[in-house]
Amino acid sequence: MTSIHQGWRELHPDLSLNFQLNRWAAYGGEAWLRDVEPILPRLVGYDAWRDEFVRLGEAAEREGRPYIAGLHFRSAEFFMLKSDARKQPTRLRLLPQLRQPFEGTYTTHSVPFGNLTLTAYRFGKPQVVGTIVLFGGFDSYVEELFPMLCEFARRGHDIVAFEGPGQGSMLEDQHTPMTADWHRPVAAVLDALGLEDVTLIGGSLGGCLVIRAAAFERRVRRVVAYDVMTDFHACLTHQLPEAVRPLVGALEHTGALMDALMNIASAQCAVIEWGLQQAMRVFGVKTPHEALQAARAYRTDDVSSRVTQEVLLLAGAQDHYVPLDQLWTQARNLTHARSLTARVFTRQEHGQAHCQVGNIPLAIDVICRWIDGTERSQPALQTVVTQSMDTELEHLRMRMIAMENLLIAMLAQAPDQQLELGSEMAGFISPRPGFTQHPRTAGAAAKMIHLLHRAQHFQGWVKGDALT
């Protein structure tokens with residue numbers, strides 16, 4: 001049996017590759033790191049990455065270390081594209097190796113899902129503390145989560161994990177694309193195992209799916225977004241170069257033009273190529289623009305207000321996949337939740353990354369204490385959303401001051417005609433006889449005049465003048 005290791009390590013200069021190295025180090029620990037450290041200088045690209053980890057896996061396999069071999073093969077297979085002939089053989093090789101240390105600790109259940117079958121794994125003793133139902137997201141296999149499931153079971157929880165459409169064996173063996181109607185696979189698992197009053201945990205993209213499922217499935221009583229995700233399309237486009245992002249919305253429906261743009265971006269950045277290829281496979285589409293359009297269905301703003309359960313939102317302060325502002329968006333949208341708790345993990349805790357990869361045991365501890373109620377009694381945890389929102393507002397105020405002064409500088413050098421137009425616009429939105437005065441509009445008009453007057457103070461400034 002393996003334990004989950006703690007500690008974030010700076011192993012690679014590439015942000016995405018460094019995250020993946022920490023991801024597998026969390027499960028492989030020092031034994032895995034001893035294998036990997038000598039090859040770090042050779043991991044100069046995705047081709048080298050795939051080749052090196054296949055070699056490590058084969059070496060560990062020969063040495064009789066199946067679990068470490070499975071992690072090496074998984075690391076290699078993770079970045080193998082569909083066109084890579086090694087992908088499926090490597091996947092079929094690694095899954096039994098990842099299961100091997102846990103044999104005898106779980107039961108396997110085949111769950112009917114229409115004319116398909118979901119596979120669920122159950123750890124722990126039913127109804128000891130309470131049942132947890134857990135699933136992953138965009139790119140995980142349920143087998144790699146077994147150390148987490150064992151830790152929940154060790155703490156007394158009955159825990160069930162499954163792969164739904166677009167995930168793991170359902171994607172690879174049954175070729176079933178993902179669905180945004182995630183309450184359907186959740187309901188199938190609850191029906192098959194006769195579960196009520198469950199805690200539902202979704203990891204990564206599952207942080208979006210878990211909110212979508214809870215909005216329609218009342219047997220779910222507690223909801224954990226691990227980590228929070230309100231808009232998967234925004235997360236995907238967040239990976240694109242800044243110069244490209246503004247073009248996505250405008251070109252997304254242009255088909256070939258959008259695909260050409262994405263192909264250029266993919267050629268310049270291997271992680272973009274991988275992300276688009278993975279999205280096309282997961283969503284069952286054939287082109288990048290179709291993948292981006294499909295990703296728009298994976299959001300929560302349309303269902304968050306329907307969630308009435310107790311909710312725990314988790315986030316990493318430096319998550320490079322999910323912008324932190326999605327946490328505050330989700331908190332604001334959960335208007336009917338029975339209770340709402342949020343927790344932001346920091347670099348000091350080694351939990352700053354996506355899904356707290358540097359300190360998964362801490363995330364498990366927070367979740368367990370929240371489920372049993374002890375965490376909800378801690379004022380610091382309850383007020384984190386308010387405190388963080390206050391911080392966000394303070395940053396917003398600073399940005400507004402900066403923009404206001406930049407605007408004054410530009411107005412000071414503006415031609416008279418533009419200044420006159422600004423004054424006319426202020427008069428245009430000011431209250432007029434016979435119309436109801438709107439306080440915000442009146443205040444905005446007054447503010448416009450004030451800015452124009454302040455700009456006049458700096459008219460005639462030339463380089464070398466001192467500002468007074």
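Refer to the structure printed above.
What you see is a predicted model, and the numbers here were worked out from it, not measured in a lab.

Undergrad: In this structure, what is going on with a nonpolar patch on the surface? I would like to understand it.
TA: A contiguous nonpolar surface patch, about 330 Å² in accessible area, is contributed by Leu-421, Met-425 and Phe-428. Its location among the elements puts Phe-428 in helix α18 (residues 416–429).

Undergrad: So what exactly am I meant to see when it comes to the side chain of Ser-75 here?
TA: If you trace the backbone, Ser-75 turns up in helix α3 (residues 66–78). The class for Ser-75 is buried, based on a relative accessible area of 1%. When neighbours within four sequence positions are excluded, Ser-75 is seen to be in contact with Trp-24, Trp-49 and Phe-53.

Undergrad: Please clarify how the nonpolar core should be interpreted in this entry.
TA: Buried together is how nonpolar side chains tend to be arranged in soluble globular proteins. Core analysis: the biggest nonpolar cluster contains 141 residues, and Trp-32, Phe-53, Phe-152 and Phe-232 have the highest contact counts within it. Element by element, the count of residues in this core is highest for helix α1 (residues 15–36), at 10 residues. What Phe-232 contacts, discounting residues up to four positions off in sequence, is Phe-138, Leu-205, Phe-283, Ala-295 and Tyr-298. In terms of nonpolar packing, the next biggest core, distinct from the first, is built from 7 residues, Leu-411, Leu-419, Leu-451 and Ala-455 among them.

Undergrad: Help me understand the packing of aromatic side chains in this model?
TA: The tally for this structure, following the rule as stated, stands at 24 aromatic pairs. Between the aromatic rings of Phe-78 and Phe-79, the centroid separation amounts to 4.9 Å while the plane-to-plane angle is 90°, which identifies the pairing as edge-to-face. Taking the relative accessible area as the measure of exposure, Phe-78 reaches 4% and is therefore buried. Over the ring of Tyr-141 we find Arg-74; its NZ or CZ atom is 4.2 Å from the centre of that ring. Sitting over the ring of Phe-345, Arg-343 keeps its end group 4.5 Å from the ring centre.

Undergrad: How should the environment of Gly-124 be read in this particular structure?
TA: Looking at where Gly-124 falls in the secondary structure, it is placed in the loop between β2 (116–123) and β3 (131–135). Along the sequence, Gly-124 and Asp-158 sit 34 residues apart, while their C-alpha atoms lie 4.6 Å from each other. Aside from chain neighbours lying at most four places away, what touches Gly-124 is Thr-105, Ala-153, His-157 and Asp-158.

Undergrad: Is there a simple way to explain unusual backbone geometry in this structure?
TA: Peptide bonds are, in most cases, trans, and in most cases residues other than glycine have a negative phi. Of note, the bond from Tyr-226 into Asp-227 is cis; its omega dihedral lies within 30 degrees of zero at 0°. Note on placement: Asp-227 falls in the loop between β6 (220–226) and α9 (232–238). Residues other than glycine seldom take positive phi values, yet Cys-355 does so here, at roughly 55°. Among the secondary structure elements, Cys-355 is positioned in the loop between β8 (339–345) and α15 (360–371). Within the chain, Gln-356 stands out as a residue other than glycine whose phi angle is a positive 50°. Position of Gln-356 relative to the elements: it lies in the loop between β8 and α15. On the accessibility criterion, Gln-356 (0% relative accessible area) is buried.

The rules behind each value
Residues numbered from 1 in each chain as written. Predicted model: local features only at pLDDT ≥ 70, side-chain atom pairs only at ≥ 80, totals over all residues. Heavy atoms only, no water. Patch = residues over 30% accessible without salt bridge, like charges linked within 9 Å, V, L, I, M, F, W, Y side chains within 5 Å. Areas by Shrake-Rupley, 256 points an atom, 1.4 Å probe, with all protein chains shown as cover. Salt bridge = Lys/Arg side-chain N within 4 Å of Asp/Glu carboxyl O. Helix = DSSP H or I, 4+ residues; strand = E, 2+ residues; numbered from the N terminus. Buried < 20%, exposed > 50% of the residue type's maximum accessible area, 1.4 Å probe, protein only. Contact = heavy atoms within 4.5 Å. Core = buried A, V, L, I, M, F, W, Y, C linked by side-chain atoms within 4.5 Å. Phe/Tyr/Trp six-rings, centres within 6.5 Å; stacked < 30°, edge-to-face > 60°. Lys NZ or Arg CZ within 6 Å of the ring centre and 35° of its normal.

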